[in-house]
Amino acid sequence: MNPVLDEILRTQSVKSESGEQLDLRGCGVPPEEGRFLQQMVALAKPSVSVEVGLAFGISALYICEILAQQTAAHHIVIDPHQFRPSYAHQDHPNYDGAGLYSLQRAGFGHLIEYREQTSEIALPQLVSEGIKIEFAFIDGWHTFDAALVDFFYVDRLLRPGGIVVIDDTHFPSLWNL
């Protein structure tokens, strides 16, 4: 396991870009879900992958740990809240770049393309750019309509045989997705 991910899981906190220690408070994928993500990434063997929602970067660390074993892998992360206020976490005015900083600290910065936009803007742009992906992790805004729009555009990006993982499907808003 990457030492940065190991430290985050052990301490249940993440360092922000400004050096502040941020408490995870149950945010981020738990280890069993992280291992599942890694299995799916290993199965998909993506040259290009997309993640909707970065937050503290835990899921991206799991994903990039497998991507780093491949040659020329590229992971596009979409999250408008790395440096701006997040509605999901009112206690933190923003993530202070914690997700991106963790990825840099872990040595995965070269794999990352960061899009500081909402997914309903960024995903159609990727489609219009002709991007094709083999793996996607949807963990953005957890309402039915937002997740459906994310899935709609991810489906347009996905190569045949690609894999999509949707997080938090136990939420009632996502039961019918």
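Here's what I pulled together on the structure shown here.

Conventions used here
- Residues numbered from 1 in each chain as written.
- Predicted model: local features only at pLDDT ≥ 70, side-chain atom pairs only at ≥ 80, totals over all residues.
- Heavy atoms only, no water.
- Pairing = 2+ DSSP bridges.
- Helix = DSSP H or I, 4+ residues; strand = E, 2+ residues; numbered from the N terminus.
- Axes fitted to C-alpha atoms, helices over the stretch in contact; angles between N-to-C directions.
- Contact = heavy atoms within 4.5 Å.
- Phe/Tyr/Trp six-rings, centres within 6.5 Å; stacked < 30°, edge-to-face > 60°.
- Buried < 20%, exposed > 50% of the residue type's maximum accessible area, 1.4 Å probe, protein only.
- Lys NZ or Arg CZ within 6 Å of the ring centre and 35° of its normal.
- Polar contact = N/O pair within 3.5 Å; in protein donor to acceptor, adjacent residues only side chain to side chain.
- Core = buried A, V, L, I, M, F, W, Y, C linked by side-chain atoms within 4.5 Å.
- Salt bridge = Lys/Arg side-chain N within 4 Å of Asp/Glu carboxyl O.

Structural notes on the sheet that holds strand β4 (residues 74-78)
Part 1 of the argument: Read from one edge to the other, the open sheet built from five strands follows the order β5-β4-β3-β6-β7, with strand pairing classed as parallel. The strands lining the two open edges of the sheet, one partner per strand, are β5 (112-115) and β7 (158-166). Strand-to-strand, the axes of this sheet are offset by a mean angle of 15°, without reference to chain direction.
Part 2 of the argument: In this sheet, β5 lies alongside β4 in parallel orientation, the contact comprising four bridges. Paired with Ile 78 across the bridge in β5 is Arg 115.
Part 3 of the argument: Across the sheet, helix α5 (residues 119-128) is in contact with β3 (48-52), β4 and β5; its angle to β4 comes to roughly 145°.
Part 4 of the argument: Set on the sheet, helix α6 (residues 144-157) makes contact with β3, β6 (133-138) and β7; between it and β7 the angle comes to about 150°.

Structural notes on the packing of aromatic side chains
Part 1 of the argument: Evaluation of the coordinates by the stated rule reveals three aromatic pairs.
Part 2 of the argument: Arranged with centres 5.0 Å apart and planes meeting at 90°, the rings of Phe 152 and Tyr 153 form a pair that is edge-to-face.
Part 3 of the argument: Owing to a relative accessible area of 24%, Tyr 153 belongs among the partly exposed residues under this scheme.
Part 4 of the argument: Sitting above the plane of the Phe 152 ring, Arg 156 keeps its charged end 4.0 Å from the centroid.

What about the side chain of Asp 79?
Part 1 of the argument: Relative to the helices and strands, Asp 79 resides in the loop between β4 and α4 (98-105).
Part 2 of the argument: Polar contacts involving the side chain of Asp 79 include one to the main-chain amide nitrogen of Ala 55, which spans 2.8 Å.
Part 3 of the argument: Sequence-distant contacts of Asp 79, defined by excluding residues within four places in its chain, comprise Gly 53, Leu 54, Ala 55, Tyr 114, Arg 115, Glu 116 and Gln 117.

Here's the deal with the side chain of Gln 38
Part 1 of the argument: Checked against the element boundaries, Gln 38 lands in helix α2 (residues 31-44).
Part 2 of the argument: In this structure Gln 38 comes out as buried when scored by relative accessible area, which is 14%.
Part 3 of the argument: Apart from the residues lying within four places of it in its own chain, the contact partners of Gln 38 are Tyr 62, Glu 65 and Ile 66.

Describing the nonpolar core
Part 1 of the argument: Counting 36 residues, the largest nonpolar core has Phe 56, Ile 58, Leu 103 and Phe 135 as its most contacted members.
Part 2 of the argument: Here this core gets eight residues from one element, more than from any other, and that element is helix α3 (residues 58-67).
Part 3 of the argument: In terms of nonpolar packing, the next biggest core, distinct from the first, is built from 14 residues, Val 48, Val 52, Ile 138 and Leu 157 among them.

Describing the pattern of salt bridges
Part 1 of the argument: Considering all chains together, one arrives at six salt bridges under this definition.
Part 2 of the argument: In this structure, Arg 105 and Glu 7 form a salt bridge, with 3.3 Å as the shortest nitrogen-oxygen distance. With Arg 105 in helix α4 and Glu 7 in helix α1 (residues 3-11), this pair connects stretches of sequence that are 98 residues apart.
Part 3 of the argument: According to the relative accessible area criterion, Arg 105 is partly exposed, its value standing at 27%.

Some details on unusual backbone geometry
Part 1 of the argument: At Lys 45, a position not held by glycine, the phi torsion is positive, near 45°.
Part 2 of the argument: Here Lys 45 lies in the loop between α2 and β3.
Part 3 of the argument: By relative accessible area, which is 59% here, Lys 45 ends up exposed.
Part 4 of the argument: Residues other than glycine seldom take positive phi values, yet Ala 55 does so here, at roughly 50°.
Part 5 of the argument: In this fold, Ala 55 is placed in the loop between β3 and α3.

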